[in-house]
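Observations on the three-dimensional arrangement
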Amino acid sequence: MSEMPVIRSYHAHVYYDADSFEQARELCEGAVAIFGIPMGRMHQKPVGPHPDWSCQLTVATSLIGEVIGWLTLNRKGLNVFVHPDTGDDLRDHRDRAIWLGEDRPLKLDQFYR
């Protein structure tokens, strides 16, 4: 059996579009206010492997259960992609994903280079 990778943190990517931008901002800012977690930029275009506009929340491993529970109850139809950060970007995004809502096709080709 191979050694289990160390999970440094988790990333929760909240997906949205122009119509749900404010809803997503409120959700992300709510998570910051409640859990004290860092919030990234509110992208208004697809960035990296993400097919939709998104905002990243960085979640400590000690908080992931609470944050996923809170996002589940408060996402109001928004899709949220959660993955660990182990340093293996391909596996973290492809094999270790947790989806709240509809899963979306990620653009993983950048991780094969």
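Residues numbered from 1 in each chain as written. Predicted model: local features only at pLDDT ≥ 70, side-chain atom pairs only at ≥ 80, totals over all residues. Heavy atoms only, no water.

This part takes up the overall build of the protein chain. On a plain count of helices and strands, the protein chain comes out with three helices and four strands. Since a compact globule built from 113 residues should have a radius of gyration of about 13 Å, the 14 Å found for the protein chain is in line with a globular shape. A total of 113 residues make up the protein chain; the buried ones form 42% of that total. Long-range contacts, defined here as pairs at least 24 residues apart, represent 63% of the contacts in the protein chain between residues at least 6 apart. (Helix = DSSP H or I, 4+ residues; strand = E, 2+ residues; numbered from the N terminus. Rg over C-alpha atoms; globule rule 2.2 N^0.38 Å. Buried < 20%, exposed > 50% of the residue type's maximum accessible area, 1.4 Å probe, protein only. Contact = heavy atoms within 4.5 Å.)

What follows concerns the nonpolar core. With 24 residues, the main nonpolar core has V14, Y16, L57, L71, V80 and V82 as its most contacted residues. When contributions to this core are tallied by element, the ones reaching two or more residues are strand 1 (9-16), helix 1 (21-35), strand 2 (53-59), helix 2 (64-74) and strand 3 (80-85). Take this core: its biggest share by element is six residues, from helix 1. Excluding anything up to four places from it in sequence, Y16 contacts F21, A24, M42, H43, D52, W53, S54, C55 and L78. (Core = buried A, V, L, I, M, F, W, Y, C linked by side-chain atoms within 4.5 Å.)

We now examine the pattern of salt bridges. Two side chains carrying opposite charge are able to pair once their charged atoms lie near each other. Counted according to the given criterion, the structure contains seven salt bridges. For D52, the salt bridge goes to R104, with nearest N and O atoms at 2.7 Å. Residue D52 is located in the loop between helix 1 and strand 2, and its partner R104 is located in the segment after strand 4 (98-100); the two are separated by 52 residues in the primary sequence. Taking the relative accessible area as the measure of exposure, R104 reaches 25% and is therefore partly exposed. We note a salt bridge from D92 to R96, for which the minimum N-O separation is 2.8 Å. (Salt bridge = Lys/Arg side-chain N within 4 Å of Asp/Glu carboxyl O.)

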